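# Results of the structural survey
Chain residues, written in single-letter form:
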Protein chains: 2
Amino acid sequence: MSEALGNLSRKEQVIRKAAELFKEKGYAAASMRDLAQLLGIEAASLYSHIKSKEEILRSLCFDMATEFRKSLDEVEKRNVPASEKLRMGIIGHIQVMAKDLTASAVFMNEHRHLSEPFLRDFLLLRINYINRFKKILEDGVRAGEFKSTIDKKLAVMTLFSSLNWMPMWYDPDSAIDPSALGYQLADMLVNGLKKNP
Amino acid sequence: MSEALGNLSRKEQVIRKAAELFKEKGYAAASMRDLAQLLGIEAASLYSHIKSKEEILRSLCFDMATEFRKSLDEVEKRNVPASEKLRMGIIGHIQVMAKDLTASAVFMNEHRHLSEPFLRDFLLLRINYINRFKKILEDGVRAGEFKSTIDKKLAVMTLFSSLNWMPMWYDPDSAIDPSALGYQLADMLVNGLKKNP
DNA sequence: AGCGTTGCCTAACATTTGTTTGTGTTCAGG
DNA sequence: CCTGAACACAAACAAATGTTAGGCAACGCT
């Protein structure tokens with residue numbers, strides 16, 4: 001079995017194209033025949049490379065989840081104030097997304113089509129990731145860096161909403177590059193739109 | 001034809017349940033038989049009330065679009081600073097959503113399944129609405145109320161991301177009520193998370 | 001009493017869905 | 001040259017899809 005690169009090449013090609021299709025039409029509305037046509041082959045031929053339609057979704061979702069976790073791991077190691085940690089977390093999250101905007105879009109919009117027990121596993125990973133951000137926020141409030149007036153759930157959910165929709169509208173060829181985007185987004189959420197007098 | 005109320009009653013019932021189903025499973029993955037079962041009838045019976053599956057989606061999407069437009073109409077009439085207009089726009093948007101969280105979720109997640117020419121029409125309404133917010137933002141920058149350092153497209157898209165995901169996580173029975181939610185969300189986006197010294 | 005409307009049913013339809021089976025071809029490595 | 005893997009195909013499958021046709025029962029209205 002020469003899976004090392006042999007599989008990767010063609011299988012990964014299938015998964016990539018699938019990601020594009022899933023992003024565009026949604027998982028449920030995207031048929032295997034659509035996908036096959038995009039690759040210039042017959043639908044049945046897909047099954048030489050993948051076990052099922054859902055396996056594709058699974059690998060897309062869980063691979064992204066791993067990347068997000070790794071990014072946050074790095075941030076948590078640092079010994080910096082909470083507001084700085086938050087900024088770094090946001091920037092990291094954006095960078096992970098920017099590395100694969102298509103997979104990111106699928107990750108956040110189509111994960112609900114995972115079947116059990118994979119859906120449960122996925123949601124656990126997700127809530128864990130969110131809670132780690134929430135903890136940073138709470139640390140920041142305790143340290144007097146953040147307002148205590150804002151509901152913490154609201155704050156963290158707003159944060160993720162802003163982040164997670166980025167793949168839907170961001171154009172990688174646009175004027176603003178991913179790292180600048182991360183910085184500006186972090187600034188906007190931490191400092192707000194208002195001019196500081 | 002006594003459409004005035006006769007239709008409304010049962011047809012509206014069908015559409016409401018459909019909205020719940022579409023929100024939960026997504027439009028494409030939700031079958032007419034699922035919907036029928038939820039209503040305790042057979043799938044074929046649905047067609048006494050509606051013309052097609054997509055007609056349901058259409059009425060959900062365009063009814064919400066109308067509500068959003070009306071809300072922003074009111075805000076634009078007011079003669080207040082841009083930052084205040086933005087705050088009012090955000091609060092209005094939240095309130096429209098809070099009035100029907102289910103339809104709101106469908107509106108933003110499932111509109112892509114509209115067929116032409118309805119999709120085109122919908123997207124035009126949407127971009128128009130966004131541009132009106134963008135204009136408020138630009139007025140605010142010109143008036144020196146908002147930072148000029150932040151990319152305007154980024155700002156407005158982040159704004160809508162935060163708003164539009166609300167129906168996905170907001171629990172109407174939670175501690176924070178919709179109007180407080182609107183206020184806090186507006187404050188967070190305009191003033192940021194950081195404590196003002 | 002008779003009428004039209006409303007609401008639902010059963011039966012059926014053509015299509016599309018994900019997937020399986022079996023077969024053929026191409027090509028690199030021993 | 002032979003073997004086996006990688007890749008693709010055509011044909012078929014059962015199941016699920018949105019939708020139509022025709023009919024039956026109950027109700028309010030004149």
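Residues numbered from 1 in each chain as written. Chains lettered and ligands numbered in written order. Predicted model: local features only at pLDDT ≥ 70, side-chain atom pairs only at ≥ 80, totals over all residues. Heavy atoms only, no water.

### Brief notes about the packing of aromatic side chains
All names here are of chain A. Scanning the model with the defined rule gives 18 aromatic pairs over all chains in all. With a centroid separation of 5.1 Å and an interplanar angle of 80°, the aromatic rings of Phe133 and Phe160 are classed as edge-to-face. Of the two residues, Phe133 is situated in helix α6 (residues 118-142) and Phe160 in helix α7 (residues 152-164); the sequence distance between them amounts to 27 residues. By relative accessible area, Phe160 is classed as buried at 5%. (Phe/Tyr/Trp six-rings, centres within 6.5 Å; stacked < 30°, edge-to-face > 60°. Helix = DSSP H or I, 4+ residues; strand = E, 2+ residues; numbered from the N terminus. Buried < 20%, exposed > 50% of the residue type's maximum accessible area, 1.4 Å probe, protein only.)

### Observations concerning the interface of chain B and chain A
Taken together, the contact pairs 46 residues of chain B with 46 residues of chain A. Approximately 4,200 Å² of surface area, both sides summed, lies buried where chain B meets chain A, with 61% of it carried by carbon and sulfur atoms. At the surface where chain B touches chain A, the tally comes to four salt bridges. Linking chain B with chain A are 11 residue pairs in polar contact (both at pLDDT 80 or more). When contributions to the side of chain B that touches chain A are tallied by element, the ones reaching two or more residues are α1 (6-25), α5 (101-109), α6 (118-142), α7 (152-169) and α8 (178-191) of chain B. Among the elements that make up the side of chain B that touches chain A, the one with the highest residue count is α7(B) (11 residues). Split into classes, the residues belonging to the side of chain B that touches chain A amount to 21 nonpolar, 12 polar and 13 charged. (Contact = heavy atoms within 4.5 Å. Buried area = accessible area lost by both parts, 1.4 Å probe. Salt bridge = Lys/Arg side-chain N within 4 Å of Asp/Glu carboxyl O. Polar contact = N/O pair within 3.5 Å; in protein donor to acceptor, adjacent residues only side chain to side chain. Nonpolar A, V, L, I, M, F, W, Y, C, P; charged D, E, K, R; others polar.)

### What about the packing of helix α3 (residues 53-77) of chain B against α6(B)?
All names here are of chain B. It is the contact of α3 with α6, at a shortest axis distance of 11 Å, that shows an interaxial angle of 20°. Relative to α6, α3 is oriented roughly parallel. For α3 against α6, the interelement crossing comes out left-handed. Taken together, the residues of α6 that come into contact with α3 (itself represented by Glu54, Arg58, Cys61, Phe62, Ala65, Phe68, Arg69, Leu72, Asp73 and Glu76) are Phe118, Asp121, Phe122, Leu125, Tyr129, Arg132 and Phe133. Its residues assigned to classes, the contact of α3 with α6 shows 10 nonpolar, no polar and seven charged. (Axes fitted to C-alpha atoms, helices over the stretch in contact; angles between N-to-C directions. Parallel < 35°, antiparallel > 145°, perpendicular 65-115°, else oblique. Left-handed = near helix turned anticlockwise from the far one by under 90°.)

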